[in-house]
Amino acid sequence: MNDADTMSIEDYLAGGGKLSSPDNVPPRYRAELLRLMSSFVDSELAGSAGFADAINWAPGISQRIAASRIVLEKAASAEKVLDLMEDFGTDKALYNRAHDWATRQPRDANVDPRRQGGDMRLSVFHAPLISWTDACVMNLLMGLATGIQLRELAQVSYIPLADEIRDIIPVEARHKELGRVGLVEICATEDGRSEAAASVDYWFPRVADSFGAVGSGRFERLAHMGLRHRSNKDQLEEWTQAAQAQLAALKIR
């Protein structure tokens, strides 16, 4: 007899227990887990759709291939997690048609970091890309953030999701590296660094917002379910240090 047989499921999760299937998942846990998965899926679909324009902005064949790979792999990662949501009754075909994943708000819009209705993408994916340099900057900064956020998600108490996220982490790491390599080429000239610096000024606060509100009241509730482990503040601080180090190496900041 294991711990889950002798205590409530809530206490089991609070003590570090893991769940391996949708069976006997508590309603509140189910709702929060689906919210986490929806945020990931929507962000990947929106990221894939939004990055598609960058394919035609690419300055060369190798960069075009890299951008195409990002578009393809983000959609594939979304489908992997959407498959898990299907186990909870989500209709995949209907879900894919639920929103226009390529839609963006005006460049100067002040997007509320909270989710926009049923669209659970991170707020940063409501902002539009405008050039190859812009795409590389966003890809580097958001790639660093995604790495931190996925390492957190890889610790969730729902084992199938944690397993999928661990497989996705190196894929997203490659996307971040492609953005960094693109910026190395761009920043080889003074004009390129100047353009990149302007793009950093735009994207830095928007990517920072993707970590959520510092001191969010939801953290304790999710931590009790094994769905969160590190606070928004801790993750934001790690990202800020990593981003500043990368920008300094590129001589952008």
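Below or above, wherever it landed, is the structure these notes cover.

Thresholds applied
Residues numbered from 1 in each chain as written. Predicted model: local features only at pLDDT ≥ 70, side-chain atom pairs only at ≥ 80, totals over all residues. Heavy atoms only, no water. Helix = DSSP H or I, 4+ residues; strand = E, 2+ residues; numbered from the N terminus. Rg over C-alpha atoms; globule rule 2.2 N^0.38 Å. Buried < 20%, exposed > 50% of the residue type's maximum accessible area, 1.4 Å probe, protein only. Contact = heavy atoms within 4.5 Å. Expected span 1.5 Å × (residues − 1). Bend = angle between axes of the 7 residues up to and from the residue. Salt bridge = Lys/Arg side-chain N within 4 Å of Asp/Glu carboxyl O. Phe/Tyr/Trp six-rings, centres within 6.5 Å; stacked < 30°, edge-to-face > 60°. Lys NZ or Arg CZ within 6 Å of the ring centre and 35° of its normal. Core = buried A, V, L, I, M, F, W, Y, C linked by side-chain atoms within 4.5 Å.

## Digging into the overall build of the chain
Phase 1 of the analysis: In terms of helices and strands, the chain carries 10 helices and zero strands.
Phase 2 of the analysis: For the chain, the succession of helices and strands along the chain, N to C, is α-α-α-α-α-α-α-α-α-α.
Phase 3 of the analysis: Relative to the compact-globule value of 18 Å for 253 residues, the chain shows a C-alpha radius of gyration of 19 Å, a close match.
Phase 4 of the analysis: Viewed in the frame of its principal axes, the chain has a C-alpha envelope of about 65 × 35 × 30 Å.
Phase 5 of the analysis: Of all 253 residues assigned to the chain, the portion counted as buried reaches 49%.
Phase 6 of the analysis: Pairs at least 24 apart in sequence give 71% of the contacts found in the chain among residues at least 6 apart.

## Thoughts on helix α3 (residues 27–57)
An α-helical segment advances 3.6 residues per turn. Residues three or four places apart therefore align on the same side.
Phase 1 of the analysis: When the terminal C-alpha atoms of α3 are compared, their 46 Å separation across 31 residues agrees well with the 45 Å that a helix rising 1.5 Å per residue should span.
Phase 2 of the analysis: Of all the bends found along α3, the most pronounced is centred on Phe51 and spans about 25°.

## Some thoughts on the pattern of salt bridges
Phase 1 of the analysis: Counted according to the given criterion, the structure contains 15 salt bridges.
Phase 2 of the analysis: For Glu172, the salt bridge goes to Lys74, with nearest N and O atoms at 2.9 Å. Placement of Glu172 in helix α7 (residues 159–186) and of Lys74 in helix α4 (residues 61–86) is noted, with a sequence separation of 98 residues between them.
Phase 3 of the analysis: Residue Lys233 pairs with Glu237 through a salt bridge whose shortest N-O separation is 2.7 Å. A residue pair is termed a helical-turn pair when its members lie 3 or 4 positions apart in one helix, as Lys233 and Glu237 do in helix α10 (residues 232–249) at four residues.
Phase 4 of the analysis: Exposure remark for Glu237: the relative accessible area of 37% places this residue in the partly exposed category.
Phase 5 of the analysis: Taken together, the salt bridges that share partners define one network made up of Glu32, Arg218 and Arg221.

## Remarks on the packing of aromatic side chains
Aromatic ring pairs are reported here in terms of the distance separating the ring centres and the angle at which the planes meet.
Phase 1 of the analysis: Counted by the stated rule, this structure contains four aromatic pairs.
Phase 2 of the analysis: Relative to Trp203, the ring of Tyr202 lies with its centre 5.0 Å away and its plane at 90°, an arrangement referred to as edge-to-face. Just as Tyr202 is buried, Trp203 falls in that class too.
Phase 3 of the analysis: Ring geometry for Phe211 and Trp239: centres 6.0 Å apart, planes at 45°, overall tilted. Taken together, the residues Phe211 in the loop between α8 (190–209) and α9 (218–224) and Trp239 in helix α10 connect sequence positions 28 residues apart. Summarising the burial analysis for this pair, Phe211 and Trp239 share the class buried.
Phase 4 of the analysis: In this structure an aromatic cluster arises from ring pairing among Phe204, Phe211 and Trp239.
Phase 5 of the analysis: The ring of Tyr202 carries Arg206 above its face, with NZ or CZ at 3.7 Å from the centroid.

## Regarding unusual backbone geometry
Phase 1 of the analysis: Within the chain, Asn24 stands out as a residue other than glycine whose phi angle is a positive 65°.
Phase 2 of the analysis: Examined against the element boundaries, Asn24 turns out to sit in the loop between α2 (9–14) and α3.
Phase 3 of the analysis: The exposed category is assigned to Asn24, whose relative accessible area is 73%.
Phase 4 of the analysis: Here the phi dihedral of Lys251 falls at roughly 60°; this positive angle occurs in a residue that is not glycine.
Phase 5 of the analysis: Within the secondary structure, Lys251 sits in the segment after α10.
Phase 6 of the analysis: With a relative accessible area of 65%, Lys251 lands in the exposed category.

## So, the nonpolar core
Across soluble globular proteins, nonpolar side chains have a tendency to be buried as a group.
Phase 1 of the analysis: Core analysis: the biggest nonpolar cluster contains 72 residues, and Leu161 and Trp239 have the highest contact counts within it.
Phase 2 of the analysis: Broken down by secondary-structure element, the contributors of at least two residues to this core are α2, α3, α4, α6 (132–153), α7, α8 and α10.
Phase 3 of the analysis: By residue number, the principal contributor to this core is α6, which donates 13 residues.
Phase 4 of the analysis: Each residue touching Trp239, except ones within four places of it in the same chain, is listed here: Leu141, Leu144, Ala145, Ile148, Phe204, Val207, Ala208 and Phe211.

## Remarks on the side chain of Ser131
Phase 1 of the analysis: Structurally, the position occupied by Ser131 is in the loop between α5 (92–96) and α6.
Phase 2 of the analysis: Judged by relative accessible area, which is 18%, Ser131 ranks as buried.
Phase 3 of the analysis: Here Ser131 is in contact with Trp57 and Glu195, once residues within four sequence places are set aside.

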